[in-house]
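What follows is the residue order along each chain.
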Number of protein chains: 2
Amino acid sequence: MNTPESLFVQMALMSWQTQNARLDDLLNKLSDEQLMNETAPGRNRGIYLLGHLAAVNDSLFKMFGLGERLHPELDAVFLNAPDKSGQTMPSIDELKNYWKEINAALTKKFNAMQPQKWFEKHTVVSAEDFAKEPYRNKLNVLLNRTAHQSYHLGQMNYLKS
Amino acid sequence: MNTPESLFVQMALMSWQTQNARLDDLLNKLSDEQLMNETAPGRNRGIYLLGHLAAVNDSLFKMFGLGERLHPELDAVFLNAPDKSGQTMPSIDELKNYWKEINAALTKKFNAMQPQKWFEKHTVVSAEDFAKEPYRNKLNVLLNRTAHQSYHLGQMNYLKS
């Protein structure tokens, strides 16, 4: 079990899960009214960033070849359009449920993956590019997504009074 | 060179360097006046977060057993005290220079480290705890610091007009 590969994978997964848990914790503390607020004057609202982070995690199913996404409909509102663009959004309760549902399903898939699978190419990079740049693997995407999530968590933390 | 260890070290270092480069880029875009502003009403100012991130990176020298820190004096102002506590701060130009100086020196040390060194325990964990929790190594600290930096970068990005 303690091969170098399995240890790296454990570290990267722990880092991703830590960020998920921090957002879970923040969501437990914020009221719906606070989540409807802008994180700073003129900036993205909490509800938008919640949907954005749910959509980004949901995109990992296809990117890692782990089956169909749970909520592809989120992309139009939370990835391809900015906040306050007049799009109809799911309710905060729905988004919170999606967030938990997506992460629970991903965690199950991740835990079932053999460590070496993480070092294989993801579905968005070509075999040719991957041969030249072997770091463009699934684990690297997870590292980048973890940093991305932390970036927006820093902003969402400003919703607290 | 392409052992699993060296590949993972490369990925983690790239992720850390990406965050450093993003802050460099943001610093090039912000005026001194913008850096003196609060990132959001009542929140930390840009100058404080810059000093805070410089202090956190500077702490890695000792944590990884890489020699003496360059700017231990930053801790009193940027780690152990909150912003606006009346402490005398270095100027923005000084802090920008420290930030670059610390990262350049760290990068040099990191590039000279053998990949397997990253999987050794850092100086803050006991040998006993490390035996039980082998993921508490230097590379794991780097992953956590990368996420921490991204967290504050999301906030500092709000300084842009």
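These remarks concern the structure in this document. Predicted model only: the values in this text are computed from it and were never measured. (Residues numbered from 1 in each chain as written. Chains lettered and ligands numbered in written order. Predicted model: local features only at pLDDT ≥ 70, side-chain atom pairs only at ≥ 80, totals over all residues. Heavy atoms only, no water.)

Quick look at unusual backbone geometry
Residues and elements named next belong to chain A.
Thinking step 1. In this structure, K84 is a non-glycine residue whose phi angle is positive, near 60°.
Thinking step 2. Tracing the backbone through its elements, the reader meets K84 in the loop between α5 (74–78) and α6 (92–112).
Thinking step 3. On the basis of relative accessible area, K84 is assigned to the partly exposed category, the value being 43%. (Helix = DSSP H or I, 4+ residues; strand = E, 2+ residues; numbered from the N terminus. Buried < 20%, exposed > 50% of the residue type's maximum accessible area, 1.4 Å probe, protein only.)

As for the relation of the copies chain B and chain A
Thinking step 1. For the match of chain B to chain A, the screw axis carries a shift of 0.0 Å, the RMSD comes to 0.0 Å, and the turn is 180°. Here the symmetry operator amounts to a two-fold rotation axis. Residue Y151 of chain B, judged by its C-alpha, is the member of chain B lying nearest the rotation axis, at 2.0 Å.
Thinking step 2. A shared interface surface links the copies, since 100% of the contact residues of chain B are contact residues in chain A too. (Least-squares fit on C-alpha atoms with pLDDT ≥ 70 in both. Contact = heavy atoms within 4.5 Å.)

Details of helix α3 (residues 46–58) of chain B
Thinking step 1. Across its 13 residues, α3 of chain B extends 18 Å between first and last C-alpha, which sits within 8% of the 18 Å expected from 1.5 Å per residue.
Thinking step 2. The buried fraction of α3 of chain B amounts to 13 of the 13 residues, a majority that puts the element mostly inside the structure. (Expected span 1.5 Å × (residues − 1).)

Points about empty space enclosed by the protein
Thinking step 1. The final tally for this structure, using the stated rule, is 1 cavity of 30 Å³ or more.
Thinking step 2. The volume enclosed by the largest cavity comes to roughly 60 Å³.
Thinking step 3. Around the largest cavity sit S15, L143, T146 and A147 of chain A together with S15, L143, T146 and A147 of chain B, which together line it.
Thinking step 4. Residue assignment for the lining of the largest cavity shows that the elements contributing at least two residues are α8 (138–156) of chain A together with α8 (138–156) of chain B.
Thinking step 5. Counted by class, the lining of the largest cavity contains 4 nonpolar, 4 polar and no charged residues. (1 Å grid on protein atoms, 1.4 Å probe; cavity = no way out; pocket = protein on both sides within 12 Å on 5 of 7 lines; lining within 4 Å. Points joined across faces, edges and corners; volume = space filled by probe spheres on them. Nonpolar A, V, L, I, M, F, W, Y, C, P; charged D, E, K, R; others polar.)

Points about the side chain of R69 of chain A
Residue and element names in this part refer to chain A.
Thinking step 1. Mapped onto the elements of the fold, R69 is located in the loop between α4 (60–63) and α5.
Thinking step 2. A distance of 2.9 Å separates the side chain of R69 from the side chain of D58, its partner in a polar contact.
Thinking step 3. Within the local environment of R69, its side chain forms a polar contact with the side chain of D75, the two groups lying 2.7 Å apart.
Thinking step 4. In this view, R69 contacts A55, D58, S59, F61, K62 and D75; residues no more than four positions away in its chain are not counted. (Polar contact = N/O pair within 3.5 Å; in protein donor to acceptor, adjacent residues only side chain to side chain.)

What about the pattern of salt bridges?
Thinking step 1. Going through the model one piece at a time under the given rule, you end up with 18 salt bridges over all chains.
Thinking step 2. A salt bridge links K132 of chain B to D129 of chain B; the shortest N-O distance between them is 3.8 Å. Highlighted residues: K132 of chain B and D129 of chain B, both in helix α7 (residues 127–132), separated by 3 residues, approximately one helical turn.
Thinking step 3. On the basis of relative accessible area, K132 of chain B is assigned to the exposed category, the value being 62%.
Thinking step 4. Its relative accessible area of 28% is what places D129 of chain B among the partly exposed residues.
Thinking step 5. Here R136 of chain B and E133 of chain B are joined by a salt bridge, their closest N and O atoms 3.0 Å apart.
Thinking step 6. In this structure R136 of chain B comes out as partly exposed when scored by relative accessible area, which is 28%.
Thinking step 7. Each of the salt bridges in this network shares a partner with another, and the network as a whole consists of D58, R69 and D75 of chain A. (Salt bridge = Lys/Arg side-chain N within 4 Å of Asp/Glu carboxyl O.)

Digging into the interface of chain B and chain A
Thinking step 1. Residue-level contacts link 33 residues of chain B with 33 residues of chain A.
Thinking step 2. Together chain B and chain A conceal approximately 2,900 Å² of surface at their shared face, both sides included; 67% is due to carbon and sulfur atoms.
Thinking step 3. At the junction of chain B and chain A, the tally comes to 0 salt bridges.
Thinking step 4. In this assembly, chain B and chain A are joined by 12 residue pairs in polar contact (both at pLDDT 80 or more).
Thinking step 5. Taken together, the residues of the side of chain B that touches chain A break down into 17 nonpolar, 13 polar and 3 charged. (Buried area = accessible area lost by both parts, 1.4 Å probe.)

Some words on the environment of A81 of chain B
Thinking step 1. Relative to the assigned elements, A81 of chain B resides in the loop between α5 (74–78) and α6 (92–112).
Thinking step 2. Classification of A81 of chain B as buried rests on a relative accessible area of 7%.

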